[in-house]
Amino acid sequence: MTMDRPFFVTTPIYYVNDLPHLGHAYPTVAADALARFMRLDGRRVKFLTGTDEHGQKVEQSARAADVSPQEFADRNSAAFREMDRLLDISNDDYIRTTEKRHIRGVQALWRELERRGEIYLGRFAGWYAVRDEAFYDESELVEGKAPTGADVEWFEEDNYFFRLSAWQDRLLDYYEANPEAIAPRSRRNEVISFVKGGLKDLSISRTSFSWGIPVPGNPKHVIYVWLDALTNYITAIGYPETESADFGVFWPVAHHIVGKDILRFHAIYWPAFLMAAGLPAPRRIFAHGWWTVEGQKMSKSLGNGVPPEFLVEKYGVDPARYFLLRELPFGNDGDFSHRAVVGRLNGDLANDFGNLAQRVLVMISRNCGAGVPEPGTFEATETALLDSAHGLLETVRAHVSEQAFHWALEAIWRVVGDANRYVDEQAPWVLSRSDPGRMRTVLYTLAETLRHLAILVQPFVPGSAGRLLDQLAVPEAERCFTALADAPLRPGTRLPKPEGIFPRFVEEAVR
Ligand code: MSP
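Residues numbered from 1 in each chain as written. Predicted model: local features only at pLDDT ≥ 70, side-chain atom pairs only at ≥ 80, totals over all residues. Heavy atoms only, no water.

Draft legend 1. View of the site of the ligand. In the neighbourhood of the ligand, 23 residues make up the surrounding shell, with I13, D52, G259, D261 and W291 lying closest. Contacts to the ligand include G23, whose backbone N or O atom sits 3.2 Å from a nitrogen atom. H24 has a polar side-chain atom sitting 3.5 Å from an oxygen atom of the ligand. Counting residues per element, the ones that place at least two in the shell around the ligand are β2 (14–15), α1 (22–40), α7 (225–230), α8 (232–235) and β13 (254–259). At 3 residues, the largest contribution of residues to the shell around the ligand is made by α7. (Near = heavy atom within 4 Å. Polar contact = N/O pair within 3.5 Å; in protein donor to acceptor, adjacent residues only side chain to side chain. Helix = DSSP H or I, 4+ residues; strand = E, 2+ residues; numbered from the N terminus.)

Draft legend 2. Expanded view of the packing of aromatic side chains. Applying the stated criterion across every chain yields a total of 35 aromatic pairs. Within the aromatic cluster, the residues linked to one another by ring pairs are Y26, F286, W291, F323, F330, F336 and F405. Here the guanidinium or amino end of R206 rests over the ring plane of F155, the centre of that ring lying 4.1 Å away. (Phe/Tyr/Trp six-rings, centres within 6.5 Å; stacked < 30°, edge-to-face > 60°. Lys NZ or Arg CZ within 6 Å of the ring centre and 35° of its normal.)

Draft legend 3. Looking closely at the side chain of R451. Topologically, R451 is positioned in helix α18 (residues 436–457). Classification of R451 as buried rests on a relative accessible area of 0%. At a separation of 2.7 Å, a polar atom in the side chain of R451 contacts the main-chain carbonyl oxygen of L484. Excluding its chain neighbours within four sequence positions, the residues that come into contact with R451 are L469, L472, V474, A483, L484, A487, P488 and L489. (Buried < 20%, exposed > 50% of the residue type's maximum accessible area, 1.4 Å probe, protein only. Contact = heavy atoms within 4.5 Å.)

Draft legend 4. Expanded view of the pattern of salt bridges. Following the criterion strictly, the structure yields 34 salt bridges and no others. R96 is the partner of D74 in a salt bridge, and the nearest nitrogen-oxygen pair spans 2.7 Å. One end of the pair, D74, is in helix α3 (residues 69–86); the other, R96, is in strand β4 (residues 93–96), and 22 residues separate them in sequence. For D74, a relative accessible area of 36% gives the class partly exposed. Overlapping salt bridges, with partners in common, bring together D32, R36, D88 and R321 in one network. (Salt bridge = Lys/Arg side-chain N within 4 Å of Asp/Glu carboxyl O.)

Draft legend 5. Layout of unusual backbone geometry. The step from A183 to P184 runs through a cis peptide bond, and the omega angle for that step is -10°. Put simply, Y239 and P240 share a cis peptide bond, and its omega is 10°. Positionally, P240 belongs in the loop between α8 and α9 (245–250). Residue R5 is not a glycine yet carries a positive backbone phi of 45°. Examined against the element boundaries, R5 turns out to sit in the segment before β1 (6–10). Look at Q403: it is not a glycine, yet its phi comes out positive at around 60°.

Draft legend 6. Main features of the packing of helix α6 (residues 185–196) against helix α10 (residues 263–276). Orientation of α6 relative to α10, taken along the N-to-C sense of each, is 55°, at an axis distance of 11 Å. With respect to their mutual orientation, α6 and α10 come out oblique. As α6 runs across α10, the sense of the crossing is right-handed. Facing α6, whose interface residues are R187, V191, F194 and V195, α10 presents L263, R264, A267 and I268. Considering only residue class, the contact of α6 with α10 consists of 6 nonpolar, no polar and 2 charged. (Axes fitted to C-alpha atoms, helices over the stretch in contact; angles between N-to-C directions. Parallel < 35°, antiparallel > 145°, perpendicular 65-115°, else oblique. Left-handed = near helix turned anticlockwise from the far one by under 90°. Nonpolar A, V, L, I, M, F, W, Y, C, P; charged D, E, K, R; others polar.)

Printed below as a string of structure tokens:
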């Protein structure tokens, strides 16, 4: 397998003031599917996630919990790691902004910006929303609150500023020269029109609290939490050692998965900080949409946060992952409802894919001596089904490279549908008596189609796909995408006893 063509994917780093919920699981699962896909496609992948631990919001939450900010961060960061474990997340690194490697990198970036004349000391007077850790203009407020609905407070203090206003044209050039850098397109257009509206210099330090990275040379100030947090994407790959192997390999191919609420920070501030420090802007930033739960906004006060352990215990890890990636076009908003999950689970997973696999494997086990059958001549129907399976990689790859996970899954399930129609038309259970040779051809065609489906579905539902590949006796070394064309099932291979892969969800009786 070739190990060149590097790929770097990141999730947002999560604030430790909150415990993990569906809204955090979403970008993590999406980034995981992307990372797994690229690995199976022979690419050298780095997949980074972690926690955002500084700032006023975390400091206030720690105080309310009556523990030190560090203790508080330790506890909640561990909860995000546990989310990753529960959701079968294959991250290669996990960064915490309280780690030495990060602090050192952020301070180095600060010094570099200062050295290049991008930072000056001034006086800030304006509105700040602790919940968003963001500054707002008077003109942006809606009925005295931030446009996000967060409470704002007026504050005035001596702050360091970053010359963001000077970067307006260079940001517009970056968007122009890299039409794929910000996605989806509608979000890109929003960013461009915001930047065209004019940028003000950005306050990048605070003096009224201390839970943050000290400004080098003036430790009365702590560095603005967004400058601190965004920098995780480079401190994790070795910054400030820009000559380091990881930095050189992975930074040019950075893909950030973020929510639409934090796109402005990623698509405007972040490229400006980077360019101002003489570094390239990210390759791509994809902004996904927001989930409501049973029609309502997720909120602490409603207590409708959907923790990852609920998802996994109730539906199972792979069904939950599948639902998140299949239900919404990545980029759109949508609703998480029990009904919708059960619909997908019993429809797409249990009925369509699970049943197909079960029927085929049970028939092989009963009628072919529990081994891969020897096919006879392929007729047009077999060739048509196998061709659609063989064509899948290219289609799925095109969708995944645009983060259109829903289209990728839809394409895979189109072949699931073709295979189901083929079984019904060919009725191998009838052929078992009338024409066993033909039955073996049909079952081989189906098993080979299942092998393609199972290999391609691995990034999305890794555990279930792995179990199906076990049942097809596909060795570990033949589960990557090159094996799709190179390693067809070998007639005569012994197959283990079939077991269902996607059980139906049965509603518990209401007592
Ligand atoms: N710490 C910052 C990110 C810094 S990245 C350099 C932050 N953290 S967060 O924990 O508040 O949010 C992390 C991500 O969770 C955001 O991308 C946000 O969009 C996502 N979600 C939180 N609630 C969500 C939903 N209800 N639905 C979908 N995603 C949501 O912001």
